[in-house]
Every structure is written in structure tokens, then in C-alpha cells.
Amino acid sequence: MFQDSSVLGRLVNGLARWIAIAGGVALLAMIAVVVISVIGRAFIWAGLKPILGDYELISVGMGFAIFAFLPWAHINRGHALVSLLTDTFGPRVNAWILVVTDLLMLVVSAFIAWRLWLGMLDKFNYRETTILLGLSMGWAFAAAVVGAIAMVVVAIYVLGRSIIDALAGRAAPKHVGSEH
């Protein structure tokens, strides 16, 4: 059930992949906004102008992009790893260490998603908007909530995968950033 080749594994991997792609598209859009805005500032003398509220657009997009990349990094074990001590342990011990760290990642992810959800509700209730464009801050939080909820789903799956590996007495395979 918690194998990457299972139906559940393919669904969760697909969720993580597609939300990361959406984050990448948002990042490319932010780059375009910055480039166009800088060109507009540089050529004010020629009648061009910067994009109004460019920093507001970047702030909203960046909140989404950051949370969109987290599930992909977690499912591929792409987060920073400090293994000075754990490399001396055997596969069984390392497997259980991963269970503990994956449980902590789930707890932290759920806490962040919960607080973002409450923040989103507050922003909608108080009708808070950005200064220049008047964009609803609730939608900015909603974009981040999408990635945060995806992270919780991925964290549940990764924890299940780690528990299965630990019960089998094997360490999870090395992934991104853990080459020797």
C-alpha cells in the first residue's frame, strides 16, 4: 500500500509532482513580472512603466511556490540531511530514525496547514486586501493552503512508507542529495 509502485503511491507521487510543476509555473510567472517591471523602470524615459503592484504579485506567488515545492522534496527525501552520526548506525536503526523524523515532519506540516487555514479564514472574514492592487489576502493564503494540505497528504504517505520499511528491517533507499 505504501510502495511507490502501488496505486496510492502513484497517486501521491502524482500529486506531489503536479503541485511542484504548478509551483514552477508560478515561479516562471514571477520571473516574467520582475523582468517586465525592471524593463519598465529602466525605460521610463521612453514611456514605459513598471507593473503596478509587482511586489504584491510576487509575494502572493512566492507563498504558493514555496508550499508547492515542499511535497515533492519530501516524497523524494530531498530535504537537507545531516548524517554525521546516523551513518555509523545500521539499516534497522536508521529506518526507525526515519520513522521518527517523518512523524515529526507530519506533525509540523499539519500544524502549518492548520494555522494557514485559520489565517486564510481571518483574511477573508476581515476582507484584508493588498495596498495597490486590492487583491484579497484570503486568496493569497488559500494558494499557500493548497500546497500545505498536499504536504500533509505526502507526509502521511511517507510516514507509512517509512513504517513499512522499518518493520521490514530495511532503511529507505537513498534519494536526492544523499549520494556518497
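All figures in this text were calculated on a predicted structure; none of them were measured in a lab.

Next up on the list: the environment of Leu167. Here Leu167 lies in helix 4 (residues 137-167). We classify Leu167 as exposed; its relative accessible area is 60%. Taking the C-alpha atoms as reference points, Leu167 and Leu98, 69 residues apart in sequence, are found 12 Å from one another.

What follows concerns the packing of aromatic side chains. Taken as a whole, this structure holds four aromatic pairs when the rule is applied. Residues Phe2 and Tyr157 carry aromatic rings whose centres are separated by 5.9 Å and whose planes lie at 40° to one another, so their mutual orientation is tilted. In this pair, Phe2 is assigned in the segment before helix 1 (7-42) and Tyr157 in helix 4, connecting sequence segments 155 residues apart. Take Tyr157: its relative accessible area is 1%, and that puts it in the buried class. The ring centre of Trp114 lies 4.8 Å from the NZ or CZ of Arg115, which sits over that ring.

Let us now look at the confidence of the model for the chain. Detailed conclusions should not be drawn from predicted coordinates in areas where pLDDT is low. When pLDDT is averaged across the chain, the result is 91; 94% of the residues are at 70 or more. Per-residue pLDDT, averaged within each element of the chain, yields its smallest value for helix 2 (residues 54-75) (94) and its largest for helix 1 (96).

About the criteria used
Sequence order sets the numbering: in each chain, residues are counted from 1 along the sequence as written. Thresholds applied to this predicted model are a pLDDT of at least 70 for local features of residues and 80 or more for the giving and counting of side-chain atom pairs; totals over whole chains, interfaces and linings are not thresholded and use all residues. As a convention, hydrogens and water are excluded, and side-chain values are obtained from all of the structure's heavy atoms. Here a helix means four or more residues in a row that DSSP labels H or I, a strand means two or more in a row labelled E, and each is numbered from the N terminus. Burial classes: relative accessible area under 20% of the type maximum marks a residue as buried, over 50% as exposed, and values in between as partly exposed (1.4 Å probe, protein chains only). Between rings of Phe, Tyr and Trp, where Trp is taken as its six-membered ring, a pair exists when centres lie within 6.5 Å; planes separated by under 30 degrees are stacked, by over 60 edge-to-face, and by other angles tilted. The rule for a charge over a ring is simple: NZ of Lys or CZ of Arg within 6 Å of the ring centre, and within 35 degrees of the ring normal. A residue's pLDDT is the confidence the predictor assigns to it, expressed on a 0 to 100 scale.

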